[in-house]
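Chain residues, written in single-letter form:
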Amino acid sequence: MSTPAQLRPLGIGEILDAGIKVYRSRFATMLKAVAVVIVPVQVLNVLITLSLPDTSTTAGTTTTTSDSEWAGIAALLLILVINIVSSALAEAACLRAVSDTYVGTETGWRESLRFGFRRLGSLVWLTLIHGVIVLLGFAACVVPGVWLYVAWSVAVPVLLIEGPPGFQALRRSFDLVRRRWWPTAGVLILANLLATAVAAGFGLLSLPLLLVGRDNEFVYDLARAVFGSVATILTIPFVAAVVAVIYFDLRVRKEGFDLQLMAQRIGAPDGAVAPGLMPWTSSAPGAGGGWAPPPPPGWDPRPTGPPPGPRPPSSAPPTGP
């Protein structure tokens, strides 16, 4: 069992660096958990898409065309719901794996998925209300949508670790991000840019196959599903890791964050938490480590007051008898 993290406030670059290191540290666990969820969903998406009637061959009658359109709308809604549920479950599993890094426990991908399943109903409800309100903000004007997206960015960790559901989780996320909106927005922009670059790279790799199979609907949809699945499996854990680090950093800055309480929330064994440093930041075997960059100037985790130990000798000359 690894040792949990000693927490301190982090800068923007440190949060992103910590997210990358957590991603690398728990890569195998998160990859398996996400793949188990995403791959069947992508296969189901392809089957639903291929089952739709071809509107080009049924345009002769108005009734048939109308039925085909309604079937297409229903299929798109079904795919949307399936993707929302699967993404929420994958994010929850990744958050459990990231939390293990802080607590210092080792949890496999199966337990991470069980953690997500236990909270799936509340998680889907939170994802729906979060997505709908943010989309309305984007529709009304882009700025409110962006502002709400950042203000509610840690609502999922709040739900999974602290427990408040729905609008309470959104309100709690808003309180945590308050006065840290711009740094939070900066980290999220950088993380999503990196994830988008990875997804775009796989899109370019799939382009030749898509061009070859553009006349074959099965080959085209299969190629999109395969490369889309790989991109999703690689990017969901990374973004989830960064969001989790943002959440922990906000709580360290604003509250007396309690690792033991978090361990109880996520179901870690009793006595699993003991003070320690991040185990994956030091290259020396068996050596201690910490967050790779030094603490920010002026931040001192030690209590205020004179340090313990013997008092220094007095500068006054000794007095004789």
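Above this note sits the structure.
Quick caveat, the model's predicted, so the values are computed rather than measured. (Residues numbered from 1 in each chain as written. Predicted model: local features only at pLDDT ≥ 70, side-chain atom pairs only at ≥ 80, totals over all residues. Heavy atoms only, no water.)

Asks: Even after reading the chapter, I still don't get the overall build of the protein, so can you show me in this structure?
Replies: When its secondary structure is counted, the protein shows 11 helices and 0 strands. Mapped from its N terminus to its C terminus, the protein presents α and β elements in the order α-α-α-α-α-α-α-α-α-α-α. Expressed as a percentage of contacts within the protein between residues at least 6 apart in sequence, the contacts between residues at least 24 apart total 77%. Split by element, the accessible area of the protein, about 17400 Å² in all, is 67% carbon and sulfur. (Helix = DSSP H or I, 4+ residues; strand = E, 2+ residues; numbered from the N terminus. Contact = heavy atoms within 4.5 Å. Areas by Shrake-Rupley, 256 points an atom, 1.4 Å probe, with all protein chains shown as cover.)

Asks: I'm lost on the nonpolar core in this one. Help?
Replies: Within soluble globular proteins, side chains that are nonpolar generally end up buried alongside one another. With 55 residues, the main nonpolar core has Val98, Leu126, Val154 and Ile246 as its most contacted residues. With 13 residues, helix α10 (residues 217–254) is the largest single contributor of residues to this core. With sequence-adjacent residues up to four places away left out, Ile246 is seen in contact with Ile15, Val154, Thr184, Val187 and Leu188. Counting residues in each nonpolar core, the second largest holds 7 residues, with Ala33, Val37, Leu89 and Ala93 among its members. (Core = buried A, V, L, I, M, F, W, Y, C linked by side-chain atoms within 4.5 Å. Buried < 20%, exposed > 50% of the residue type's maximum accessible area, 1.4 Å probe, protein only.)

Asks: Looking at this model, I keep getting lost on the packing of aromatic side chains. Mind explaining?
Replies: The geometry of an aromatic ring pair is captured by the separation of the ring centres together with the interplanar angle, meaning the angle of the planes. With the rule as written, the count across this model stands at 5 aromatic pairs. By the ring-pair criterion, three or more aromatic residues cluster together here, those being Tyr23, Phe27 and Phe238. (Phe/Tyr/Trp six-rings, centres within 6.5 Å; stacked < 30°, edge-to-face > 60°.)

Asks: Sorry if this is basic, but what is going on with the packing of helix α6 (residues 142–151) against helix α8 (residues 166–177) here?
Replies: In a packed pair of helices, the relevant descriptors are the angle between the two axes and the axis-to-axis distance. Look at α6 against α8: their axes get within 8 Å of each other, and the N-to-C directions meet at 90°. In this view, α6 runs roughly perpendicular relative to α8, as classed from their interaxial angle. When α6 is examined against α8, the residues Trp147, Val150 and Ala151 are found in contact with a partner set consisting of Ser173, Phe174 and Val177. (Axes fitted to C-alpha atoms, helices over the stretch in contact; angles between N-to-C directions. Parallel < 35°, antiparallel > 145°, perpendicular 65-115°, else oblique.)

Asks: In this structure, what is going on with the environment of Thr235? I would like to understand it.
Replies: Considering the arrangement of structural elements, one finds Thr235 in helix α10. Separated by 44 residues in sequence, Thr235 and Ala191 place their C-alpha atoms 9.5 Å apart. In contact with Thr235, not counting residues within four places along its chain, are Ala195 and Val198. Reaching out from Thr235, the side chain makes a polar contact with the backbone oxygen of Ala231 at a distance of 2.8 Å. (Polar contact = N/O pair within 3.5 Å; in protein donor to acceptor, adjacent residues only side chain to side chain.)

Asks: Which parts of the structure should I look at to understand helix α4 (residues 109–118)?
Replies: Three or four residues apart is the spacing at which side chains of an α-helix point the same way, because the helix has 3.6 residues per turn. Regarding α4, the residues found buried are Ser112, Leu113, Phe115 and Gly116. Down the axis, α4 shows its buried residues gathered within 155° of arc, on one side only. In α4, the exposed positions that point more than 90 degrees away from the buried face belong to Arg110, Phe117 and Arg118. (Arc of directions from axis to C-beta.)

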